[in-house]
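The residues making up each chain are set out below.
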Amino acid sequence: MDRLQAMNVFVRVVETGSFSRAAREFAITQPTVTKLVASIEERLKVRLLNRNTRGVSVTESGALYYEKCKVIVRESDEAENIVRLRQTQAQGLLRIGTSVAFGRRVITPLALEFMAKHPQVQLDLSFEDRYTDLVANGIDLAIRMGKLADSGLGARFLGVNPWLMVAAPKYLRKHGTPKQAMDLSQHPALIYSSVLGDDVWRLTSPKGETVTVPVSGRLRSNNLSAVLAAARNGFGIAAMPRYVASNSLQSGHVVEVLKGHTLPEQEIHAVFPSPKLVPGKVLAFIAFMQGRLGERWWDSLARV
């Protein structure tokens, strides 16, 4: 039998003065209680309880053992309660990982809002564009774009990340505005090189037709801020997530190109090390993000 369980039972036998009462409390049989106490006495080679027809009395050694067991049982209960509380409530250190651009522009302002709502949570934000092993790096939750690979990770859908094409008004005045998808091949493209197939843009026309356009240009970068800066300065047409261009669109530094056409959008997921026994702090952040990444979530982004 488990030693802690036996201690727990012994404590209640002493406190109730009865094997049968202790048995009822633990929903076990009286013979089981007797065996548990006997197993302790056998291991210690000392009698802890005196049994007679009037009931149970504790020996001198039993009284000393009872006092120590009572502390151990109480500490064990407190330890379990602390763990359960952390499992069910939003508190403790939450380590979050995501990409650089999404982390800086989206996660940072939302994380600060989350911290204000949950003062018992501490955040550790890690922004990297390379794939991160959650378990090896101690990440509690990662925000990932696109289709998820099959794995043993837990995952929750958060929203979608739409893409669009933008250019500076001064560029379009000088070089003309594309009227149809294939016109893009006649313009310098500002290419975000972290996307697979970045030299080919796949568009869906207003009629629902898929159009594949090969593109090329003078600037290629794995940093979306650099691509946006080039677009704002009139160096060509850029394809990027709408959230990256949102503030520049609102200020008029860039405008949407081929507005009726759409680029593939990415799904946004929260992933975490295991789908089972998910900590309360992780579930709280997921619920918070689901409430913030609804329809046209990019329009409400804070400037960071």
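Quick caveat: nothing in here was measured; it's all calculated off a predicted structure.

As for the sheet that holds strand β6 (residues 154–161)
- Pairing in this open sheet of 5 strands is mixed, and the strands run β4-β3-β5-β14-β6 from one edge to the other. Of all the strands in the sheet, the pair left with one neighbour each is β4 (121–127) and β6. For this sheet the average axis-to-axis angle between neighbouring strands, irrespective of direction, equals 20 degrees.
- Strands β3 (92–98), β4, β5 (141–145) and β14 (266–272) of the sheet are contacted by helix α5 (residues 100–117), whose axis makes an angle of about 175 degrees with β4.

Things to note about the packing of aromatic side chains
- Inspection of the entire model under this criterion finds 9 aromatic pairs.
- Ring plane angle 85 degrees and centroid distance 5.0 Å describe the contact between Phe 114 and Phe 285, whose orientation is recorded as edge-to-face. Separated by 171 residues along the polypeptide, Phe 114 in helix α5 and Phe 285 in helix α10 (residues 280–292) bring together distant segments of the chain. Exposure class is identical for Phe 114 and Phe 285. Each is buried.
- Both rings, one in Trp 297 and one in Trp 298, keep their centres 5.6 Å apart while their planes meet at 75 degrees; by these two values the pair is edge-to-face. Each member of the pair, Trp 297 as well as Trp 298, carries the same accessibility label: buried.
- Clustering of aromatic rings is evident, with ring pairs tying together Phe 102, Tyr 243, Trp 297 and Trp 298.

Topic: the pattern of salt bridges
- What the rule picks out here adds up to 9 salt bridges.
- For Lys 45, the salt bridge is made with Glu 42, and the minimal N-O distance between the two is 2.8 Å.
- Lys 45 sits in the exposed class, given a relative accessible area of 64%.
- Salt-bridge contacts for Arg 130 lead to Glu 128; the nearest nitrogen and oxygen are separated by 2.7 Å.
- With a relative accessible area of 52%, Arg 130 lands in the exposed category.
- Judged by relative accessible area, Glu 128 falls into the partly exposed class, the value being 31%.

A closer look at helix α9 (residues 242–251)
- Across the 10 residues of α9, 7 count as buried, placing the element largely inside the fold.
- Residues of α9 that are buried: Arg 242, Tyr 243, Val 244, Ala 245, Ser 246, Asn 247 and Ser 248.
- If you follow the buried residues of α9, they end up packed against α5, β6, β7 (163–167), α8 (224–232), β12 (237–241) and β13 (255–257).
- Directly after α9, the chain includes Gly 252, whose backbone phi takes a positive value near 85 degrees.

A short note on the side chain of Glu 41
- By the secondary structure assignment, Glu 41 is in helix α3 (residues 30–44).
- On the accessibility criterion, Glu 41 (12% relative accessible area) is buried.
- There is a polar contact of 3.3 Å between the side chain of Glu 41 and the backbone nitrogen of Leu 49.
- Setting aside anything within four residues of it in sequence, one finds Glu 41 in contact with Val 46, Arg 47, Leu 48, Leu 49 and Arg 51.

Overview of the environment of His 187
- Relative to the elements of secondary structure, His 187 occurs in the loop between α7 (169–175) and β8 (189–192).
- Between the alpha carbons of His 187 and Thr 177 there is a distance of 9.4 Å; along the sequence they are 10 residues apart.
- In this structure, His 187 is in contact with Tyr 171, His 175, Gly 176, Pro 178, Ser 216 and Ile 237, ignoring residues within four places of it in sequence.
- Here the side chain of His 187 touches Tyr 171 through a polar contact of 2.7 Å, side chain to side chain.

Conventions adopted
Residues numbered from 1 in each chain as written. Predicted model: local features only at pLDDT ≥ 70, side-chain atom pairs only at ≥ 80, totals over all residues. Heavy atoms only, no water. Pairing = 2+ DSSP bridges. Helix = DSSP H or I, 4+ residues; strand = E, 2+ residues; numbered from the N terminus. Axes fitted to C-alpha atoms, helices over the stretch in contact; angles between N-to-C directions. Contact = heavy atoms within 4.5 Å. Phe/Tyr/Trp six-rings, centres within 6.5 Å; stacked < 30°, edge-to-face > 60°. Buried < 20%, exposed > 50% of the residue type's maximum accessible area, 1.4 Å probe, protein only. Salt bridge = Lys/Arg side-chain N within 4 Å of Asp/Glu carboxyl O. Polar contact = N/O pair within 3.5 Å; in protein donor to acceptor, adjacent residues only side chain to side chain.

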